[in-house]
Amino acid sequence: MRQALHIFKKDVRHFRFEIAIAISVVVAFTIIEMRHALSVADPVTIRTGASTLVLFLLPLVWWTLIARVVHDEALAGNRQFWITRPYSWRSLLGAKVLFIFAFINLPMLVADMVILRAYGFSLGAELPGLLWSQVLLTIVYLLPIIALAAVTTGFVQLSFAILMPFVIVLIFAMFQPGVVLLRPVFFLGRFAGGIPVGYEWVKSYFAFIVITACASVILFWQYSRRGTTVARCLAAAGGILVVLGFTLISWNAAFKIQNWLSKEQVDLSSARVAPDSINEGLSRFFRQGEDSVGAEIPLQIMGLPPNMRVRVEKLSVDFQSPDGSVWKTDGYSLRNVGDADQRLIVRTGLSGGSYKKVKDGSLEVRGSLYLTLFGHRQTTGVPFGDRPVVVPRIGVCSARESVYRRGYFLICSSAFRSPAAVVTYHFIPSPADTAGQDWSSVQRQMNSYSPFPADLGLSPVSQDFKLSSNRVPADHGLVERMEPVAHIRLDFDITNLRPGNAYIPPPTNSH
Amino acid sequence: MTDILRTNDLSKRFRKTVVLNHLNMIVPEHSIYGLVGPNGAGKTTTIKILMNALRPTEGTTEIFGHDSRRLSPQDFMQIGYVSENQQMPEWMTVEYFMNYLKPFYPNWDVARAEELLRLFELPRDRKIRDLSRGMRMKAALASSLAYRPPLIVLDEPFTGLDPLVRDELIEGVLECADRATILISSHDLSEIESFASHIGYLDRGRLQFSEEMSSLTDRFREIEVTLTNPLPSAQSLPPAWLSTEQSETVLRFVDSHFQQERTMAEVYRLFGTVHQISVHPMPLRAIFIALAKARRKAA
């Protein structure tokens, strides 16, 4: 411990300017976030250029600091003076960890606390998020760079090692454009739109586990044995494993994990999906593009427990012709036709050739709908005024009249992650208003269903708001929250669908 | 004498290049062992493996009886290592460097450190990056002698230094000689022949010989034989006679196994009566030149 402190003091002295710069950027970040917290009078001006710049600068100054401090006692190479001195590897590693904690983690922890207080959050209530955000910060922003610095001799090698995965991922992304791998690579920050949505957090956490395991083994190996070749191979293997994880972990696997994590027992014995009997006439096939036929099939989700809202996460459909040929499709879009989300029209497509084969016969449509059920409706009133109101499991919300008196807005700030919930904002009119209309809006943005108290991101607060331009005086706001209670799969089978009967020919040009 | 340093069948390859080839070397306690050889012979690689800075491809090395691959901080407290190509903490001043290292060594002798700084005339407040090459070596040596290590390992410490600085460094090292074992590598024989007690000659990764300096210089002599009759052209000479040169009646050679009586008896056996025999002791440099030429000839 004494030796670790001795090395730590040396590092502080050596890197005092780098430390000052890193802390200055954190202070700038804190000030910008606090100013944002205090200027919620008009939430339309969400992010400024300075804020974005600081969010880019933070990782850069951290990485520079990490590279400098680790390379001060470089582990790769055989000419460093310290390797023939009585350094204890535990003390050396301890000194570096202490340095990184003291000048990266601790300032960010303090910054997060100050920002949360500025928004009106209770620090005690947000403690799990505070700690978990530090864990994620360490795993994603710090550990990979510490590990790479430990297997490189200097800044040039390290820069090359950092850029290499970017180049590989970019090449990879050219062939797999849908892969979410780019998100963690490109800072995984909220500013980069990198929050994994829905079940994607499973893939992200797989990557986090691989990064943590590989970086820990690399650091142990390098500091205890300085076996650079083995450590470099391990780093490369870890990178490949992360890429493979993102590619190979299927949506179904992520769904199963999410389903397994759902603790609540919901009676779904009578839940099923069937053709929508009321809107049956809306079934149709139509030409879309040169060689493609679109299909719209109205469905109805029935037998769900009462007071639940449903969100379709994914749909897969197989069309089977009488001769046994099968066309699979995952592409779809949904059009809700009423009754909240429980009636929907599935819109998918067939190739022109496939359609020609089946148009005069009957089709069997087999499919699976992956659904999230939301329940436990909770409503909290938010009076107009300056004081924010704590809304359980959402954060703090406030309702105000716009500074330009063009209407009203309800704004909710959540700490460390967006709520995994369907949030509805209501503006309740004044009793004096005879119109007495309730203007509500459902939050539609996709959130992560991650069970952890923080998502990855540098800014500790995420915001969502609803702006109303209605000039009718509002009395107060209401925030309604429904949380996910189950993740289910419902299969359906529609037989004897006759495409020829439901085909709508393209309009002919009339002169 | 016990062995302080030892290599056992040590081999090192860098890809396909064999740098060390089954090297067996022993450095006895309290010796000043000069490891000499041409550039690229494998001296630095041997020392780096001994110091656990490099991994061997085959074989093992031992320091104080411990496997070099498992040298502990306690072992390094007993070793003073200075190398010509060592990366130093350039940003530190000389004084900060010494003060920084002090807590690592329980045996750090403050008075000795002060004495070394004075002896080497090191500017305390100058950063290492601003020191000349000679001054850097002095700083490295001062930091490695201040805790009176029982083993001092110096890898080409005098390369590129002017004679005055070299003498100062030698003086500093020799002050420890009565208590410490010193391993010093050099490609310049004249640097170490004045003070080495043992010598090992490394060439192309193999130790050609390793023995006490006195025994080495005793067994090598330059001999000039003036014959009474011209030398027969087909005369075969003993293999221990190296660098043979002959004119009509004069034969010069280096006897690598010189023993006064045996050598004389051999000369008389081969040539009968001779006019004159002169025997000259050889400096180390001349011995190695003779050896190198003989090896080249054999190759």
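Counting from 1, residues in each chain are numbered in the order their sequence is written. A letter from A marks each chain and a number from 1 marks each ligand, given out in the order of writing. In view of the model being predicted, local features appear only for residues whose pLDDT reaches at least 70, and side-chain atom pairs are presented and counted only at 80 or more, with totals across whole chains, interfaces and linings using the full set of residues.

Asker: Outline the overall build of chain B, listing residues and values.
Answerer: Counting its regular elements, chain B contains 10 helices and 14 strands. When its C-alpha atoms are laid out on the principal axes, chain B stretches across 75 × 40 × 35 Å. Counting only residues that meet the buried cut, chain B has 38% of its 299 residues in that class. A run of H or I in DSSP counts as a helix once it spans at least four residues, and a run of E counts as a strand once it spans at least two, with each numbered from the N terminus. Three exposure classes are used. Buried residues have 20 or more other C-beta atoms within 10 Å of their own C-beta, exposed residues have 12 or fewer, and partly exposed residues fall in between, all C-beta atoms being placed from the backbone.

Asker: Mind laying out the overall build of chain A, listing which residues take part and the relevant values?
Answerer: Within chain A, the regular secondary structure consists of 11 helices and 16 strands. Relative to its full complement of 511 residues, chain A shows a buried share of 38%. Restricting to contacts in chain A with at least 6 residues of sequence separation, those with at least 24 account for 76%. With C-beta atoms placed from the backbone, a contact is any residue pair whose C-beta atoms sit within 7 Å.

Asker: Just give me the short version of the sheet that holds strand 12 (residues 241-246) of chain B, but keep the residues and values in it.
Answerer: All names here are of chain B. An order of 12-13-11-14 is seen for the 4 strands of this open sheet, with the pairing classed as antiparallel. Two strands bound the open sheet, and with one partner strand each, they are strand 12 and strand 14 (274-281). Pairwise comparison of adjacent strand axes, ignoring direction, gives a mean angle of 15° for this sheet. DSSP calls a pair of strands paired once it identifies at least 2 bridges connecting them. In this sheet, strand 13 (residues 250-255) lies alongside strand 11 (residues 221-227) in antiparallel orientation, the contact comprising 6 bridges. What sits directly across from Ile-223, in strand 13, is Phe-253. Axis angles are defined between N-to-C directions and span 0 to 180 degrees, where every axis is a line fitted to C-alpha atoms and, for a helix, only to the segment in contact.

Asker: I'd love a proper account of the sheet that holds strand 2 (residues 17-28) of chain B, names of residues and values included.
Answerer: All names here are of chain B. Sheet architecture is open: 4 strands sit in the order 2-1-4-5, paired in antiparallel fashion. The sheet is open, and its two edges are formed by strand 2 and strand 5 (66-67), each paired on a single side. In the sheet, strand 1 (residues 3-14) pairs with strand 2 via 8 bridges, with the strands oriented antiparallel. Of the residues in strand 2, the one forming a bridge with Thr-7 is Met-25. Relative to strand 1, helix 1 (residues 43-50) is tilted by about 115°, and along the sheet it contacts strand 1, strand 2 and strand 4 (58-63).

Asker: Requested: an account of helix 9 (residues 228-248) of chain A, with residues and values cited.
Answerer: Counting along an α-helix, one turn takes 3.6 residues, and residues three or four places apart therefore face a common direction. When the terminal C-alpha atoms of helix 9 of chain A are compared, their 29 Å separation across 21 residues agrees well with the 30 Å that a helix rising 1.5 Å per residue should span. All of the buried residues along helix 9 of chain A are Thr-228, Ala-231, Leu-234, Ala-235, Gly-238, Gly-239, Val-242, Val-243 and Phe-246 of chain A. To estimate the expected span of a helix, subtract one from its residue number and multiply by 1.5 Å.

Asker: Describe the environment of Asp-9 of chain B, and please don't skip the residues or the numbers.
Answerer: Residues and elements named next belong to chain B. With respect to the helices and strands, the residue Asp-9 is situated in strand 1. Separated by 227 residues in the primary sequence, Asp-9 and Ser-236 place their C-alpha atoms 36 Å from one another. Here Asp-9 is in contact with His-22, Asn-24, Glu-58 and Gly-59, once residues within four sequence places are set aside.

Asker: Can you explain the pairing of strand 10 (residues 206-212) of chain B? Please cite residues and give values.
Answerer: All names here are of chain B. When strand 9 (residues 198-203) meets strand 10, the two strands line up antiparallel, connected through 6 bridges. Across the sheet, the residue bridging to His-198 is Glu-212, located in strand 10. The turn joining strand 9 and strand 10, which pair antiparallel and follow one another in sequence, is formed by 2 residues; a positive phi near 50° is taken by Arg-204.

Asker: Tell me about unusual backbone geometry, residues and numbers included.
Answerer: Although it is not a glycine, His-376 of chain A adopts a positive phi angle of roughly 55°. Residue His-376 of chain A is classed as partly exposed on the basis of its C-beta count, with 14 C-beta atoms lying within 10 Å. For Asp-9 of chain B, which is not a glycine, the phi torsion comes out positive at approximately 50°.

Asker: Go over the environment of Val-274 of chain B, please, and point to the residues and values.
Answerer: Residue and element names in this part refer to chain B. With respect to the helices and strands, the residue Val-274 is situated in strand 14. Residue classification places Val-274 among the partly exposed residues on the basis of 17 C-beta atoms within 10 Å. Apart from residues lying up to four places away in sequence, Val-274 is in contact with Val-225, Thr-226, Leu-227, Thr-228 and Val-267.

Asker: Give me the nonpolar core: which residues, what numbers.
Answerer: By size, the foremost hydrophobic cluster in this structure holds 119 residues, and its most contacted members are Ile-66, Leu-142, Ile-146, Ala-147, Ala-150 and Ile-218 of chain A. In this view, Ile-146 of chain A contacts Ile-66, Val-70, Ile-100, Ala-215 and Leu-219 of chain A; residues no more than four positions away in its chain are not counted. To count as a nonpolar core, a set of buried Ala, Val, Leu, Ile, Met, Phe, Trp, Tyr and Cys residues must be joined through C-beta atoms within 7 Å. If you look at the next biggest cluster of nonpolar residues, it comprises 79 residues, including Ile-32, Ile-63, Met-137 and Phe-253 of chain B.

Asker: Got a sec to walk through the packing of helix 2 (residues 16-38) of chain A against helix 4 (residues 89-119) of chain A? Specific residues and values, please.
Answerer: Residues and elements named next belong to chain A. Contact pair helix 2 / helix 4: the axes reach a minimum separation of 9 Å and the direction vectors enclose 15°. Between helix 2 and helix 4, the angle is such that the two are roughly parallel. Our pair here, helix 2 against helix 4, has a crossing hand that is right-handed. Along the contact surface, helix 2 presents Ile-19, Ala-22, Ile-23, Val-26, Phe-29, Thr-30, Glu-33, Met-34, Ala-37 and Leu-38, while helix 4 presents Phe-103, Ile-104, Pro-107, Met-108, Ala-111, Val-114, Ile-115, Ala-118 and Tyr-119. Gly is placed with the polar residues, together with every amino acid not listed as nonpolar (Ala, Val, Leu, Ile, Met, Phe, Trp, Tyr, Cys and Pro) or charged (Asp, Glu, Lys and Arg). Tallied by class, residues from the contact of helix 2 with helix 4 come to 17 nonpolar, 1 polar and 1 charged. What sets the label is the angle itself: under 35 degrees gives roughly parallel, over 145 gives roughly antiparallel, 65 to 115 gives roughly perpendicular, and the rest give oblique. Each crossing gets its hand from how the near helix is turned against the far one by less than a right angle, where anticlockwise is left-handed and clockwise is right-handed.

Asker: Pulling in residues and values, what's your account of the confidence of the model for chain A?
Answerer: The predictor's confidence in any single residue is recorded as pLDDT, a number from 0 to 100. Summary statistics for chain A give a mean pLDDT of 82 and a share of 83% for residues scoring 70 or more. In this model residues 180-194 of chain A is a low-confidence stretch, pLDDT under 50, and it forms 37 contacts with partners more than four residues away in sequence or in other chains.

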